[in-house]
Amino acid sequence: MAKIVLENVDKVYSGGVKAVDNLNLEIADGEFMVLVGPSGCGKSTALRMIAGLEEISDGTLSIGDKVVNDLPPKNRDIAMVFQNYALYPHMTVEQNLAFGLKLRKTPKPEIERRVKEAAAMLGLEPYLKRKPAALSGGQRQRVAMGRAIVREPQAFLMDEPLSNLDAKLRVQMRASLNQLHERLGVTTVYVTHDQIEAMTLGDRVAVLRDGRLQQVDTPKNLFDHPVNLFVAGFIGSPAMNFVTAALTENGTGATLKFADHTLPVPAETLEERPALRDYFGREIVLGIRPSDFDDAEMAAHNSGTMEVVADVTEELGTEINVIFTVDAPPLEHEDAAALAADAAGDGDDEDGVGAGLPLARDKSVFTARVNPRSVVRPGQPITLAVDTRQLHYFDKVSGLAIGHPANVAAKA
Amino acid sequence: MSAEASVAGPRRARRGAGAALGGVAARVLLWGYAAVALAPLVLMAVSSLRPEAELRADPLGLPTIPEFGNYARAWTEADFGGYFANSVFVTVTAVLLGTAVSVLAAYALGRYTFPGSGLLLIYLLAGLMIPIRLGIVPVFYLFDMLGLLDSLWGLVLVYAASGVPFGVFVLTAFFRQLPAGLAEAARIDGAGEFRLFGQIMLPLVRPALATVMLFQFIQLWNDFFFPLVLIRDQDRYTLPVGLTAFFTEYGLNQSLLYAGLVITTLPLVLLFLLATRQVVDGLTAGVNR
């Protein structure tokens with residue numbers, strides 16, 4: 001096991017396309033690091049550079065304490081799980097598992113022991129003599145995992161290993177991946193475009209966009225303290241609601257105004273983020289997580305309210321998603337545009353419902369997640385309570401979160 | 001019983017009858033085709049077992065007592081044994097050599113891009129478009145200079161080379177459609193270039209290899225032209241040329257002729273029966289994936 005360190009790593013393809021731009025990332029020994037981002041953000045390229053399948057254009061990459069820039073994949077002591085599994089079709093499951101060990105001249109009894117162990121761990125014992133073609137998708141996926149496990153490498157690299165499975169199996173495999181990592185404790189780099197996978201699996205999650213690292217932090221911190229509009233919109237499902245709001249100060253405190261709604265800014269927020277004061281009298285981008293709304297009648301916390309008319313309600317049993325419009329133009333920012341494009345791109349995402357709402361015209365579409373016992377119905381008015389302590393504030397031009405420690409540090 | 005069922009009943013039966021009729025027609029047609037195709041072969045096999053006198057009296061009859069002596073005489077007296085050995089040597093060696101060269105070239109051309117790779121592929125494929133027989137005069141002079149005339153090895157070389165364009169054409173396509181992840185997985189597992197080729201890639205194109213080899217084998221086994229031009233000594237004749245020599249010598253002995261024909265045809269029939277499955281796999285690869 002080892003830590004993996006990327007320092008100022010670039011990947012420039014012939015033709016000048018920069019797939020990865022000055023990536024700095026330190027993955028601790030035994031850490032589960034998830035690289036997440038929309039398609040084309042460079043996450044897979046970054047992983048393939050760690051694997052040695054892509055050359056590094058600039059910067060240094062070290063595994064353990066060794067710089068491995070020019071080491072071929074087989075000498076990096078890493079194992080990789082591919083999206084399409086890449087099992088050898090002409091070999092049985094057993095041979096697939098043993099192949100890497102055989103090439104490394106592992107003694108035969110040792111190979112047998114490790115294959116048996118991995119097969120037991122993954123429940124593959126009944127299938128050892130089968131060829132991959134005779135296995136189901138989930139079983140193949142487990143063989144691919146097993147092939148990595150038997151090698152007992154310094155690090156696991158996983159390139160969207162669950163994306164070819166159906167939804168139910170994916171949830172199952174996600175849980176067993178978590179378990180597996182707990183048990184083996186091997187440094188893991190995991191690439192996915194699915195932010196739920198990222199949040200549930202990662203010790204830390206690195207969000208990438210256009211080859212640049214946006215933010216790397218624990219899932220909770222990413223959710224609670226996104227560094228910019230892009231991260232805020234990408235992490236969380238349904239996605240965060242954005243609207244341009246005027247931040248004003250009066251005698252008693254600060255308020256946010258957008259369309260015909262007014263929300264107070266709690267005093268503690270101003271204390272936490274003194275930078276907000278610089279924005280008094282100006283417009284900012286306000287972000288509200290759907291989960292920070294609730295039906296005012298049953299809200300636990302009620303520091304601000306919005307009177308709205310529900311356009312659509314989605315009853316999910318554990319909650320109701322209320323989709324409504326706010327009479328303010330939709331946010332026009334390159335980050336928001338990138339997110340919309342991504343949501344439109346892969347149809348299997350459950351967020352981005354609002355973007356397709358036909359009657360939204362030039363209004364902002366909001367989603368609120370309310371208590372399932374709420375009696376809200378489509379077309380009816382509802383008073384929503386907003387937990388104003390959890391509001392997110394972004395600079396209108398740069399899209400950076402106002403007062404976020406990372407942005408404050410960058411400025412200084 | 002509902003009224004609905006009684007209405008649907010006859011209609012379904014009628015459609016069933018139509019389908020059955022179509023099936024029967026298709027069967028009749030296919031069996032008819034098979035009969036036409038197989039009849040000459042059967043006649044040949046049957047006649048080869050009849051004594052000469054019987055054949056003359058009743059050309060289309062069945063053998064009264066199977067006469068295997070025809071084969072023995074054809075094999076030794078008419079020297080079919082020698083022709084057969086020559087044919088086997090030339091065909092097998094040429095197919096193996098040609099395929100070995102093709103598979104190596106196709107692997108590099110199908111899996112890697114390097115400066116000039118496209119041009120090289122076009123050059124090799126151009127061989128498919130130019131009938132090699134047109135080049136017989138230059139080949140003849142070349143072989144004369146190299147001292148390869150009247151040599152079985154010379155024949156092997158022409159044959160092997162003539163098979164390369166087709167082999168490269170088919171195998172390149174096969175190597176191309178193998179998923180890139182496989183090679184990457186093998187590299188990460190620790191395989192070097194040669195092991196990657198030998199243990200991962202080569203086994204995966206086996207159906208294509210079988211197809212290529214079989215096609216070559218049939219073509220070379222039956223080829224009459226090159227040995228006719230390049231081989232002079234009757235001891236080095238291959239079966240097709242040997243047959244013509246036989247016609248002139250034993251033309252009147254039909255039972256011997258039939259035995260000779262069976263000896264010539266049998267290896268192809270056997271090969272086809274054995275390899276059909278692999279070939280079908282090769283031809284339909286990708287259809288069910």
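Residues numbered from 1 in each chain as written. Chains lettered and ligands numbered in written order. Predicted model: local features only at pLDDT ≥ 70, side-chain atom pairs only at ≥ 80, totals over all residues.

Trainee: I'd love a proper account of the overall build of chain A, names of residues and values included.
Mentor: The secondary structure content of chain A amounts to 11 helices and 20 strands. For a compact globule of 412 residues, the expected C-alpha radius of gyration is about 22 Å, and chain A comes in at 24 Å, within 12% of that figure. Expressed as lengths along the three principal axes of its C-alpha atoms, the size of chain A is roughly 80 × 50 × 40 Å. Taking all 412 residues of chain A together, the buried fraction comes to 47%. When contacts within chain A are restricted to residue pairs at least 6 apart in sequence, long-range pairs at least 24 apart make up 71% of them. (Helix = DSSP H or I, 4+ residues; strand = E, 2+ residues; numbered from the N terminus. Rg over C-alpha atoms; globule rule 2.2 N^0.38 Å. Buried ≥ 20, exposed ≤ 12 C-beta atoms within 10 Å, placed from the backbone. Contact = placed C-beta atoms within 7 Å.)

Trainee: Break down the overall build of chain B for me, with residues and values.
Mentor: Within chain B, the secondary structure is distributed over 13 helices and 0 strands. Reading chain B from its N terminus to its C terminus gives the helix and strand order α-α-α-α-α-α-α-α-α-α-α-α-α. For 289 residues, the compact-globule formula gives about 19 Å, and the C-alpha radius of gyration of chain B, at 26 Å, lies well above that figure. Seen along its three principal axes, the alpha-carbon backbone of chain B occupies a region of about 80 × 65 × 35 Å. Out of the 289 residues belonging to chain B, those deemed buried represent 32%. For chain B, the proportion of contacts with a sequence separation of at least 24, taken over those separated by at least 6, is 78%.

Trainee: Now, about the sheet that holds strand 13 (residues 261–265) of chain A: what can you tell me, with residues and values included?
Mentor: Residue and element names in this part refer to chain A. With respect to topology, 5 strands assemble into an open sheet ordered 13-12-11-14-20, the strand pairing being antiparallel. Each edge of the open sheet is held by one strand with a lone partner, namely strand 13 and strand 20 (392–394). The mean inter-strand angle of the sheet, taken between neighbouring strand axes irrespective of direction, is 40°. Of the strand pairs in this sheet, strand 14 (residues 282–288) and strand 20 are connected by 3 bridges, and their pairing is antiparallel. When the bridges of strand 20 are listed, V285 appears paired with F394. (Pairing = 2+ DSSP bridges. Axes fitted to C-alpha atoms, helices over the stretch in contact; angles between N-to-C directions.)

Trainee: Quick one: what's the story with the UniProt feature "domain: ABC transporter" (unreviewed entry) in chain A, residue by residue and with numbers?
Mentor: Following the UniProt record, one finds the feature "domain: ABC transporter" (unreviewed entry) at residues 4–235 of chain A. For residues 4–235 of chain A, the helix share is 37%, the strand share is 25%, and the end-to-end C-alpha distance is 24 Å. (UniProt positions renumbered as here; feature names shortened; annotations may be inferred.)

Trainee: Which residues make up the interface of chain B and chain A, and what are the values?
Mentor: Contact with chain B, which involves 14 residues of that partner, is made by 17 residues of chain A. Listing elements by their share of the side of chain B that touches chain A, those giving two or more residues are helix 8 (180–189) and helix 9 (193–204) of chain B. Of all the elements, helix 8 of chain B adds the most residues to the side of chain B that touches chain A, at 7 residues. Its residues assigned to classes, the side of chain B that touches chain A comprises 8 nonpolar, 2 polar and 4 charged. (Nonpolar A, V, L, I, M, F, W, Y, C, P; charged D, E, K, R; others polar.)

Trainee: Give a detailed account of the domain arrangement of chain B, specifying residues and quantitative values.
Mentor: One can read the domain layout of chain B as domain 1 (3–47) and domain 2 (79–283). When each unit is reduced to the centre of its C-alpha atoms, the spacing between domain 1 of chain B and domain 2 of chain B is 39 Å. (Domains from an automatic or database assignment.)

Trainee: Explain the pairing of strand 19 (residues 381–386) of chain A residue by residue, including any values.
Mentor: All names here are of chain A. When strand 15 (residues 293–295) meets strand 19, the two strands line up antiparallel, connected through 3 bridges. Residue pairing in the sheet places D294 in a bridge with A385 of strand 19. As defined by bridge partners, strand 16 (residues 304–315) adjoins strand 19 across 6 bridges and the pair is classed as antiparallel. Paired with V309 across the bridge in strand 19 is P381.

Trainee: Run through the pairing of strand 3 (residues 32–36) of chain A, naming residues and quoting values.
Mentor: Residues and elements named next belong to chain A. Counting buried residues in strand 3 gives 5 out of 5 residues, a clear majority hidden from the surface. Residues F32, V34 and V36 of strand 3 are buried on one face, and the alternating residues M33 and L35, pointing to the opposite face, are buried as well. Of the pairings in the sheet, the one linking strand 3 to strand 9 (residues 204–209) comprises 4 bridges and is parallel in character. Along strand 9, the bridge assignment pairs M33 with R204.

Trainee: Explain the nonpolar core residue by residue, including any values.
Mentor: Most often, soluble globular proteins keep nonpolar side chains buried together rather than apart. Judged by nonpolar contacts, the single largest core of 177 residues is most densely connected at L35(A), L157(A), V189(A), A206(A), L286(A) and L171(B). The element contributing the most residues to this core is helix 7 (residues 152–176) of chain B, with 13 residues. Discounting chain neighbours no more than four positions away, the residues touching L171(B) are S102(B), V103(B), A106(B), V205(B), A208(B) and V212(B). (Core = buried A, V, L, I, M, F, W, Y, C linked by C-beta atoms within 7 Å.)

Trainee: For the UniProt feature "transmembrane region" (unreviewed entry) in chain B, give the residues involved together with the corresponding values.
Mentor: All names here are of chain B. Sites flagged by UniProt as "transmembrane region" (unreviewed entry) map to residues 21–46, 83–109, 121–143, 155–175, 196–218 and 256–275. Spanning residues 83–109, this segment combines 100% helix with 0% strand, and its end C-alpha atoms are found 38 Å apart. Taken end to end, residues 155–175 is 100% helix and 0% strand, and its first and last C-alpha atoms sit 29 Å apart.

Trainee: Mind laying out the sheet that holds strand 17 (residues 320–326) of chain A, listing which residues take part and the relevant values?
Mentor: What holds strands together in a sheet is hydrogen bonding between their backbones, with the strands either parallel or antiparallel. Residue and element names in this part refer to chain A. One open sheet holds the 5 strands; their spatial order is 15-19-16-17-18, and the pairing between them is antiparallel. Strand pairing shows two members of the sheet lacking a second neighbour, strand 15 and strand 18 (364–370), which therefore form its edges. Geometrically, the sheet is characterised by an average inter-axis angle of 50° between neighbouring strands, direction not taken into account.

Trainee: Can you break down the environment of S255(B) residue by residue, with the values?
Mentor: Residue and element names in this part refer to chain B. If you trace the backbone, S255 turns up in helix 13 (residues 254–283). Counting along the chain gives 199 residues from S255 to R56, while the straight-line C-alpha distance between them is 9.5 Å. Apart from residues no more than four positions distant in its own chain, S255 is found in contact with S47, S48, R50, P51, E52, L55 and N70.

Trainee: How would you explain the domain arrangement of chain A if you had to name every residue and give the values?
Mentor: Residue and element names in this part refer to chain A. Considered domain by domain, chain A is made up of domain 1 (4–229) and domain 2 (230–344 + 358–411). For domain 1 and domain 2, the distance between their C-alpha centres works out to 36 Å. Counting from both sides, the interface comprises 14 residues of domain 1 and, opposite them, 22 residues of domain 2. Among the elements of the structure, helix 6 (195–201), strand 9, strand 10 (212–217) and helix 7 (219–224) are those that each provide at least two residues to the side of domain 1 that touches domain 2. Looking at the side of domain 1 that touches domain 2 residue by residue, the class counts come to 8 nonpolar, 5 polar and 1 charged.

Trainee: Any chance you could break down the packing of helix 4 (residues 80–111) of chain B against helix 10 (residues 206–222) of chain B for me, citing the residues and the numbers?
Mentor: All names here are of chain B. Running from amino to carboxyl end, helix 4 crosses helix 10 at an angle of 145°, the nearest separation of the two axes being 9 Å. Along this stretch, helix 4 crosses helix 10, giving a crossing that reads as right-handed. Facing helix 4, whose interface residues are S87, T91, A94, V95, G98, T99, S102 and V103, helix 10 presents L209, V212, M213, Q216, F217, L220 and W221. Split by residue class, the contact of helix 4 with helix 10 holds 9 nonpolar, 6 polar and no charged. (Left-handed = near helix turned anticlockwise from the far one by under 90°.)

Trainee: Mind laying out the environment of A175(A), listing which residues take part and the relevant values?
Mentor: Residues and elements named next belong to chain A. Within the secondary structure, A175 sits in helix 5 (residues 167–184). Overall, the presence of 12 C-beta atoms within 10 Å leaves A175 in the exposed class. Sequence separation of A175 and T200 is 25 residues, and the distance between their C-alpha atoms is 8.7 Å.

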